Amino acid sequence: MIEIRDLTFTYPAQPAPLFDAFTWHVARGEFWAVIGASGCGKSTLLHLIVGLRAPSAGIIVVNGERVPRKQQRGKTGLVLQDYGLLPWATVRDNVELGLRIREFYGQDDRRPTTDDRRGSSAVSGQRSAVEFWLERLGIAHLRDKYPAQLSGGQRQRVAIARTLVMEPDVLLLDEPFAALDAPTREDLEQLTLDLHNEMKMTTVFVTHNIEEAVFLGQKILVLGAPPQRSPARVIENPLAGTERCREQPAFAEQARALRALLKHNNTEPKFRTLKIG
């Protein structure tokens, strides 16, 4: 689904590359967590995948299409930490913005024709999609409020609804819960897993939180100090999302091993496949 081959990227003001001939593959329907220290390239990796930045060398392919393109891919959704909501728009209008973005790119990544935009049934379907996600994310009662009237967790639910109404097949999340309190964070982590399982999306979740990476990521990509080179450092994490996994000894063991790997970039501890039960 996401294929990165020999990726090289350098910011103009930096003397050394952030990625140097980096190769990584994400299969369709997988849930990946990406973790590493600040400045290691986590967010930049998502920006490259979505096409907001262009590599200086190498290839990025999403569902068989080269990235970046002249026109951004309409079925790749990106959820940001700062929500990105329009402060002058209501909750409903912010979610509906996702439909306008989808209409601009087209559901199948083509620009819609005039005929595509006509018809009361299409308008009704769009309204139903917005209402569905407002209900599914538990924010229907907030539809007429503005972002300034919402809590951080509510704002992030609005941002997620705006993205999901676009019907993405790839969902990229850039530290979306970093600023939230622990109970709200855990609630939204579970919601993210539930949505992934329901929609069968390919999901890449960037975080700096070790426990969050172990809870969410079926596979965990660990980024060390730049530049990032191949082979990619990957941890298989079969306990992710399993019932009451945070309470299991295996969860704490995997978190300790991941913490050691992040702390000592040049010393790679031995990881074993952990199973619950």
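Residues numbered from 1 in each chain as written. Predicted model: local features only at pLDDT ≥ 70, side-chain atom pairs only at ≥ 80, totals over all residues. Heavy atoms only, no water.

K.L.:
Which residues make up the pattern of salt bridges, and what values do they have?
P.N.:
On inspection of all chains with the given rule, the structure shows 12 salt bridges. Residues Glu 189 and Arg 246 are paired through a salt bridge, measuring 2.2 Å at the closest nitrogen-oxygen approach. Separated by 57 residues along the polypeptide, Glu 189 in helix 5 (residues 182–199) and Arg 246 in the loop between strand 10 (233–236) and helix 7 (249–263) bring together distant segments of the chain. Under the relative-accessibility criterion, Arg 246 is labelled partly exposed at 29%. In this structure, Arg 244 and Glu 247 form a salt bridge, with 2.9 Å as the shortest nitrogen-oxygen distance. Both residues of the pair, Arg 244 and Glu 247, count as exposed. Several salt bridges converge on common partners, so that one network encompasses Arg 92, Glu 96, Arg 100, Glu 131 and Arg 143. (Salt bridge = Lys/Arg side-chain N within 4 Å of Asp/Glu carboxyl O. Helix = DSSP H or I, 4+ residues; strand = E, 2+ residues; numbered from the N terminus. Buried < 20%, exposed > 50% of the residue type's maximum accessible area, 1.4 Å probe, protein only.)

K.L.:
Quick rundown of the environment of Gly 41? Include the residues and the values.
P.N.:
By the secondary structure assignment, Gly 41 is in the loop between strand 3 (31–36) and helix 1 (42–50). Of the residues examined, Gly 41 reaches a relative accessible area of 7% and is grouped as buried. C-alpha of Gly 41 to C-alpha of Phe 9: the two residues are 32 residues apart in sequence and 9.8 Å apart in space. If near-sequence neighbours (up to four positions away) are discounted, Gly 41 is found in contact with Leu 18, Phe 19 and Leu 223. (Contact = heavy atoms within 4.5 Å.)

K.L.:
Tell me about the nonpolar core, and name the residues and values.
P.N.:
Within the largest apolar cluster, 49 residues are counted, with the highest numbers of intra-cluster contacts made by Leu 137, Ile 139, Leu 164, Ile 220 and Leu 258. Not counting the four nearest positions on each side in its chain, Ile 139 is found in contact with Val 91, Leu 134, Gln 154, Arg 157, Val 158 and Ala 161. In this structure, Trp 24, Trp 32, Leu 45 and Val 67 belong to the second largest nonpolar core, which totals 28 residues. (Core = buried A, V, L, I, M, F, W, Y, C linked by side-chain atoms within 4.5 Å.)

K.L.:
An account of the packing of helix 4 (residues 152–164) against helix 5 is needed here, citing residue identities and associated values.
P.N.:
Where helix 4 meets helix 5, the closest approach of the two axes is 11 Å, and the angle between their N-to-C directions is 15°. Here helix 5 runs roughly parallel to helix 4, going by the angle between their axes. Here helix 4 and helix 5 pass one another in a crossing that is right-handed. Residues Gly 153, Gln 156, Arg 157, Ile 160 and Leu 164 of helix 4 form the contact with helix 5, whose own contacting residues are Thr 184, Asp 187, Leu 188, Leu 191, Leu 195 and Met 199. Split by residue class, the contact of helix 4 with helix 5 holds six nonpolar, three polar and two charged. (Axes fitted to C-alpha atoms, helices over the stretch in contact; angles between N-to-C directions. Parallel < 35°, antiparallel > 145°, perpendicular 65-115°, else oblique. Left-handed = near helix turned anticlockwise from the far one by under 90°. Nonpolar A, V, L, I, M, F, W, Y, C, P; charged D, E, K, R; others polar.)

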